[in-house]
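Geometric and topological summary
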Amino acid sequence: MNAPVEDFQLSNAQREEVIAELRKVLPDHLVLDDTERKKPYECDGLSLYRQLPMVVVLPETEHQVIQILQLAKRLNVPVVARGAGTGLSGGAQPHPAGILLGMAKFNRIIHIDQIARKAIVQPGVRNLAISEAVAHLNLYYAPDPSSQIACTIGGNVAENSGGVHCLKYGLTVHNVMKVRGLTMDGEVVEFGSEAPDTPGLDLLNLVVGSEGMLVVVTEVTVKLVPKPALAQVIMASFDDVAKAGDSVAAVIAAGIIPAGLEMMDQRASRMVEPFVNAGYDTEAAAILLLESDGTPEEVAEEIETMSQVLRGSGATAIKVSQTEAERIRFWAGRKNAFPAAGRISPDYYCMDGTIPRRRLADVLNAITAMESKYGLRCANVFHAGDGNLHPLIMFDANIPDEVKRAEDFGFEILELCVEVGGTVTGEHGVGIEKINQMCVQFSRAELDAFFAVKKAFDEPGLLNPGKAIPTLHRCAEYGRMHVHKGEMPFSDLPRF
């Protein structure tokens, strides 16, 4: 089972033994055990929660990773794998009595096959680096998270990351052919195949999105796609958030799958515009960004059809990018929403719930009401095409009460997502951030199934313990807490 964090405790003598054993496996400079050098690893992009690891190791070869895992298994020490640390759910938060396994040195692009349109890369390769490496071949790697300049493929696989073009081109799981990894026993395993399909159970789709709880990824084979001949973006303005939300469903209902379909409310647009100068309509209550790509003829027809649907849905203004530079500028604004929030607020908390598209307007109106309830601002930016919300709750961590209010605000958004038929995460993962909301979404039978999968790969629960799957005891406590406060929004509480 996935053991709770508190189940792993080591004495000072045991800690010294672990570090001494690691120094037998790795050169001294690849083992970091002093506080100063461990500090950068105390959290991932979710800086609200921090924890120093017992030790950080930075292996350079797969054989070294095998030795580290076998050592940890023998000494019963937890291991948390980490890529670039850009994750937003605390999935790479270290264990206080564990080894933080940094995979940043696995940063080579091993092979590029132009004919088969694939690339074999190590997990520490940056997302954007793949597209840069194959640009001269007129190819690129489709998933493009906002952090693509820094995030790594290993982290993308762990969290099943998406991006602004996920509606048409899919998430990481749709763009990965094969994953090579190591179990907690140090055994080499491969999932998927370079063929269109592979016999047996579909374990590739199980591993992608497993948040480092099943294997440590050491190699990934990704799909490459041809660059379209042309791409253009529509920026549509709306005087009402509900109209913008409803127009998303109208576009999809018209049989159009845009290459990208993003939405930003007025607070988000006004937050981003001074930072990026993207050319956004900051007077609109909400804007939609819709991209069409393909041949010039296909793009012209799709842009015209989408424009008609948007006008029929109440768009007050429509602007179409006329140059590639303008198209990139439109997307730069959306992709820089997170850093832009850092310019106007000391701290922000980025959520990641997913809802049915038809409920976008309802949920956005509910979030507005929550702003008054918690006394905090929230900017809404999200992948409107697949209903993946990214509300940015702004607060000041120096004010303890604001930290608690920000957490409660975020938790209520996630539970609302479940209530309207959605899920607590679309691409950021569960990690430690959403583990309580897993109790709301899943039944005991479903959680038991998750535990069974975890046990099949990692019986002692040493890989990334305390993440993603809540213990039944934790769910019972969470349910009782909310029932006592009268806050649980559902009648079908999990029975634990």
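Details of the structure are given in the entry above.
Note that the structure is predicted; figures quoted are calculated from it, not measured.

1. Notes on the packing of helix α9 (residues 266–276) against helix α12 (residues 337–344)
Running from N to C, α9 and α12 point in directions that differ by 95 degrees, and their axes come no closer than 9 Å. The angle between α9 and α12 falls in the class roughly perpendicular. Where α9 approaches α12, its residues Met271, Val272, Pro274 and Phe275 are matched on the opposing element by Ala337, Pro339, Ala340, Ala341, Arg343 and Ile344. Taken together, the residues of the contact of α9 with α12 sort by class into nine nonpolar, no polar and one charged.

2. Side note on the sheet that holds strand β6 (residues 118–121)
Strand order across the open sheet formed by five strands is β5-β6-β10-β8-β9, with antiparallel pairing between neighbours. Strand pairing shows two members of the sheet lacking a second neighbour, β5 (109–113) and β9 (188–192), which therefore form its edges. Recorded for the sheet is a direction-independent mean angle of 15 degrees between the axes of neighbouring strands. Judged from the four bridges that link them, β5 and β6 form a sheet pairing that is antiparallel. Each bridged residue has a counterpart across the sheet, and for His111 the counterpart in β6 is Ile120.

3. With respect to the layout of surface pockets
Reported here for the largest pocket is a volume of approximately 900 Å³. As for the largest pocket, its lining consists of 49 residues, and the residues nearest its centre are Thr86, Gly87, Cys151, Gly155 and Asn156. Taken together, the elements giving at least two residues each to the lining of the largest pocket come down to β3 (79–82), α5 (153–159), β10 (216–223), α11 (324–335) and α12. If one sorts the elements of the lining of the largest pocket by residue count, α5 sits on top with six residues. Taken together, the residues of the lining of the largest pocket break down into 20 nonpolar, 22 polar and seven charged. Computed from the structure, the second largest pocket encloses a volume of approximately 710 Å³. Those elements that provide at least two residues to the lining of the second largest pocket are α4 (127–134), β12 (230–238), β14 (286–294) and α11. Per-element accounting of the lining of the second largest pocket gives the leading share, six residues, to α11. Of the residues that constitute the lining of the second largest pocket, the class distribution is 12 nonpolar, seven polar and eight charged.

Rules behind the numbers
Residues numbered from 1 in each chain as written. Predicted model: local features only at pLDDT ≥ 70, side-chain atom pairs only at ≥ 80, totals over all residues. Heavy atoms only, no water. Axes fitted to C-alpha atoms, helices over the stretch in contact; angles between N-to-C directions. Helix = DSSP H or I, 4+ residues; strand = E, 2+ residues; numbered from the N terminus. Parallel < 35°, antiparallel > 145°, perpendicular 65-115°, else oblique. Contact = heavy atoms within 4.5 Å. Nonpolar A, V, L, I, M, F, W, Y, C, P; charged D, E, K, R; others polar. Pairing = 2+ DSSP bridges. 1 Å grid on protein atoms, 1.4 Å probe; cavity = no way out; pocket = protein on both sides within 12 Å on 5 of 7 lines; lining within 4 Å. Points joined across faces, edges and corners; volume = space filled by probe spheres on them.

None of this, on its own, says anything about what the molecule does.
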